[in-house]
Amino acid sequence: MASIKILKQKCIGCKKCIAGCPFGAITVHGEGKERKAVILNTCTLCGACVDYCKFAAIELTKDEIVHQDISKYQGVWVYCEQYKGQLRTVGLELLSQARRIADLLGTDVTAVLVGGSIADQAPTLISYGADQVIYVEDARLAELNDLLYTDVLTMLVKKHLPSIILLGATGFGRSLAPRVAARLKTGLTADCTKLDADIEKGLLLQTRPAFGGNLMATIITPNHRPQMATVRPRVFSPLTLDASRQGRIIHEATPTLNDKAAQILEEIESSGGVNIGEADILISVGKGIGSVKNIELAQELALLLGGAVAVSRPLVDCGWMPYLHQVGQTGKTVAPRLYIACGISGAIQHLAGIAAEKVVAVNTDPEAPIFKRADYGIVGDCVKFLEAMIEEVKAKNIHAL
Ligand SMILES: Cc1cc2nc3c(=O)[nH]c(=O)nc-3n(C[C@H](O)[C@H](O)[C@H](O)COP(=O)(O)OP(=O)(O)OC[C@H]3O[C@@H](n4cnc5c(N)ncnc54)[C@H](O)[C@@H]3O)c2cc1C
Ligand code: SF4
Ligand code: SF4
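Residues numbered from 1 in each chain as written. Chains lettered and ligands numbered in written order. Predicted model: local features only at pLDDT ≥ 70, side-chain atom pairs only at ≥ 80, totals over all residues.

1. Remarks on the overall build of the chain
Part 1 of the reasoning: Of the regular secondary structure elements, the chain holds ten helices and 21 strands.
Part 2 of the reasoning: Taken along the three principal axes of its C-alpha coordinates, the chain extends 80 × 60 × 45 Å.
Part 3 of the reasoning: By the burial criterion, 38% of the 401 residues in the chain qualify as buried. (Helix = DSSP H or I, 4+ residues; strand = E, 2+ residues; numbered from the N terminus. Buried ≥ 20, exposed ≤ 12 C-beta atoms within 10 Å, placed from the backbone.)

Quick look at the structure:
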């Protein structure tokens with residue numbers, strides 16, 4: 001196990017190491033000769049502080065890297081999530097990336113399908129870019145029980161040894177992917193926004209925002225297989241369906257399932273009918289809307305246009321709107337045809353969730369960063385804008401796109 005400790009006999013309490021810790025995980029306690037550095041439990045064992053100490057008072061012991069035989073692992077897999085037998089689009093979106101990466105690496109794409117009654121969906125996955133589909137069909141898998149799905153996916157990986165596995169960062173995918181990665185003792189990069197390949201080394205390049213979205217980090221998994229990554233829905237687009245594509249469809253038997261470990265007793269619809277990820281038009285409001293009452297204007301316009309209301313994070317934080325409406329790095333990624341940003345500054349964490357075709361921004365501050373992302377910008381009061389839009393849409397009897 002990796003560990004870190006301060007060698008008290010060497011530490012003089014100079015505090016230099018504090019500046020070297022990006023996680024604020026070092027403090028200095030005590031007076032005079034007893035003044036010593038202390039490592040806090042927020043330490044991530046990153047090792048950045050070690051070189052800051054000129055007295056060699058920080059001792060970091062790293063885990064020994066166990067080199068797996070990775071040469072047997074081949075191919076790019078996409079776990080294609082389904083719900084009640086219907087494919088989720090995120091699987092098709094990931095197939096387009098898997099196809100591109102597999103072509104770069106000169107390997108195959110396999111779609112993996114697991115569920116209660118799903119075999120008839122396999123040809124669709126070939127049409128969207130897979131070379132082969134491996135499916136496991138079992139009535140016990142009709143519900144999305146992440147523990148049972150972990151058993152199945154782990155078994156399939158151990159048998160077929162894929163080099164790369166991509167999964168959707170849906171609610172279910174976010175539970176399944178880390179369980180499978182932990183069982184396989186491999187790495188997992190969550191919420192990637194870009195995927196690429198290092199052709200020479202055969203590595204998946206997994207890019208995602210880091211340090212609060214202030215920089216983009218590209219992560220690799222050099223020593224373990226499979227290389228696992230999740231991507232949120234709507235970050236990528238599916239390929240155009242090509243019904244002429246041919247591929248293999250392989251049925252795998254269900255492994256032994258620990259179906260006593262957890263049972264699903266009831267499913268509760270939590271979205272209240274709102275799915276900003278599916279809407280074609282989003283009226284999105286930020287702090288500039290001024291009051292919770294003014295959000296009703298956005299709701300009225302969204303209703304008139306057949307769209308939905310989205311928000312920036314502060315509106316969720318202050319309880320004005322539920323989390324399900326939040327766009328951004330810690331909310332949803334949305335890809336409407338039209339995104340109208342009302343009183344939103346355009347922080348990088350908000351922009352990370354916008355994959356819209358057209359963005360209209362309304363902001364009183366002409367320097368607001370949202371204007372850099374906008375196709376059309378209006379410098380002005382967003383409340384007046386919403387009132388005028390409602391009036392105009394009603395007067396002209398304009399209907400949804
Ligand atoms: C780790 C992390 C994750 C985060 N995740 C997210 C996320 O997922 N989603 C998200 O949105 N944020 C996220 N944030 C917060 C983000 O950094 C910003 O603080 C947030 O997006 C700002 O929201 P805002 O634009 O509504 O508010 P503000 O930044 O306060 O901007 C309000 C804007 O309204 C304008 N304005 C004021 N009055 C009016 C008016 N009458 N008419 C028109 N314009 C007006 C102002 O000029 C200003 O540009 C995250 C932050 C961190 C650190
Ligand atoms: S650990 Fe090193 S840098 Fe930190 S306070 Fe002690 S002597 Fe100074
Ligand atoms: S190892 Fe990293 S996180 Fe831990 S104290 Fe040093 S710099 Fe901070």
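Now that the structure has been shown, we can carry on.
2. Some points on the nonpolar core
Part 1 of the reasoning: Judged by nonpolar contacts, the single largest core of 52 residues is most densely connected at Val78, Leu95, Val112, Leu113 and Leu125.
Part 2 of the reasoning: It is helix H2 (residues 89-105) that provides the largest number of residues to this core, a total of seven residues.
Part 3 of the reasoning: The contacts of Val78, once residues within four sequence positions are left out, are Gly91, Leu94, Leu95, Ala98, Val109, Ala111, Val112 and Leu166.
Part 4 of the reasoning: Counting 42 residues, the second largest nonpolar core, distinct from the first, contains Ile283, Val311, Leu315 and Ala352. (Core = buried A, V, L, I, M, F, W, Y, C linked by C-beta atoms within 7 Å. Contact = placed C-beta atoms within 7 Å.)

3. Re the sheet that holds strand S13 (residues 203-210)
Part 1 of the reasoning: Reading across from one edge, S12-S13-S14 is the order of the three strands in this open sheet, with antiparallel pairing throughout. Every other strand in the sheet has two partners, leaving strand S12 (194-198) and strand S14 (215-219) as the edge strands with one partner each. Neighbour-to-neighbour, the strand axes of this sheet turn through a mean angle of 30°, independent of strand direction.
Part 2 of the reasoning: Direction of pairing for S12 relative to S13: antiparallel, over a ladder of five bridges. Bridge pairing in S13 places Asp196 opposite Leu205.
Part 3 of the reasoning: Those strands touched by H2 are S12 and S13, and its axis lies near 10° from that of S12. (Pairing = 2+ DSSP bridges. Axes fitted to C-alpha atoms, helices over the stretch in contact; angles between N-to-C directions.)

4. Some thoughts on the sheet that holds strand S18 (residues 308-311)
Part 1 of the reasoning: Across the sheet, which stays open at both edges, the five strands sit in the order S18-S17-S19-S20-S21 with parallel pairing between neighbours. Of all strands in the sheet, those with a lone pairing partner are S18 and strand S21 (376-379), marking the two edges. If you compare each strand with its neighbour and ignore which way they point, the axes differ by 20° on average.
Part 2 of the reasoning: Inspection of the sheet shows strand S20 (residues 358-363) paired to S21 by four bridges, in the parallel sense. If you follow Ala361 over to S21, its bridge partner there is Gly377.
Part 3 of the reasoning: Sheet strands touched by helix H6 (residues 295-305): strand S17 (281-285), S18 and strand S19 (338-342). Its angle to S17, the strand with the most contacts, is close to 175°.
Part 4 of the reasoning: On top of the sheet, helix H10 (residues 382-396) reaches S19, S20 and S21; it is set at about 135° to S19, its chief contact.

5. Quick word on the site of ligand 3
Part 1 of the reasoning: Surrounding ligand 3, one finds 14 residues, the nearest of these being Cys21, Cys43, Cys46, Ala48 and Cys49.
Part 2 of the reasoning: Partitioned by chemical class, the residues of the shell around ligand 3 number eleven nonpolar, three polar and no charged. (Near = placed C-beta within 6 Å. Nonpolar A, V, L, I, M, F, W, Y, C, P; charged D, E, K, R; others polar.)

6. Observations regarding the packing of H6 against H10
Part 1 of the reasoning: Running from N to C, H6 and H10 point in directions that differ by 30°, and their axes come no closer than 9 Å. Between H6 and H10, the angle is such that the two are roughly parallel. Crossing handedness for the pair H6 and H10: left-handed. Residues Leu297, Ala298, Glu300, Leu301, Leu304 and Leu305 of H6 pack against Val383, Leu386, Glu387, Met389, Ile390, Val393 and Lys394 of H10.
Part 2 of the reasoning: The residue inventory of the contact of H6 with H10, partitioned by class, reads ten nonpolar, no polar and three charged. (Parallel < 35°, antiparallel > 145°, perpendicular 65-115°, else oblique. Left-handed = near helix turned anticlockwise from the far one by under 90°.)

7. Considering the domain arrangement of the chain
Part 1 of the reasoning: The assigned domain composition of the chain is domain 1 (3-61), domain 2 (70-251) and domain 3 (281-396).
Part 2 of the reasoning: The centre of domain 2, based on its C-alpha atoms, is set 33 Å off from the matching centre of domain 3.
Part 3 of the reasoning: Within the side of domain 2 that touches domain 3, the residues separate by chemical class into three nonpolar, two polar and two charged. (Domains from an automatic or database assignment.)

8. Observations concerning unusual backbone geometry
Part 1 of the reasoning: Cis geometry is found at the peptide bond from Arg225 to Pro226, where omega equals -5°.
Part 2 of the reasoning: Take Pro226: it is sitting in the loop between S14 and strand S15 (227-231).
Part 3 of the reasoning: Even without being a glycine, Lys185 presents a positive backbone phi close to 55°.
Part 4 of the reasoning: Checked against the element boundaries, Lys185 lands in the loop between helix H5 (171-184) and strand S11 (188-192).
Part 5 of the reasoning: The phi angle at Arg234 is positive, at roughly 75°, despite the residue not being glycine.
Part 6 of the reasoning: In this structure, Arg234 sits in the loop between S15 and strand S16 (248-251).
Part 7 of the reasoning: Residue Arg234 is classed as partly exposed on the basis of its 19 C-beta neighbours within 10 Å.

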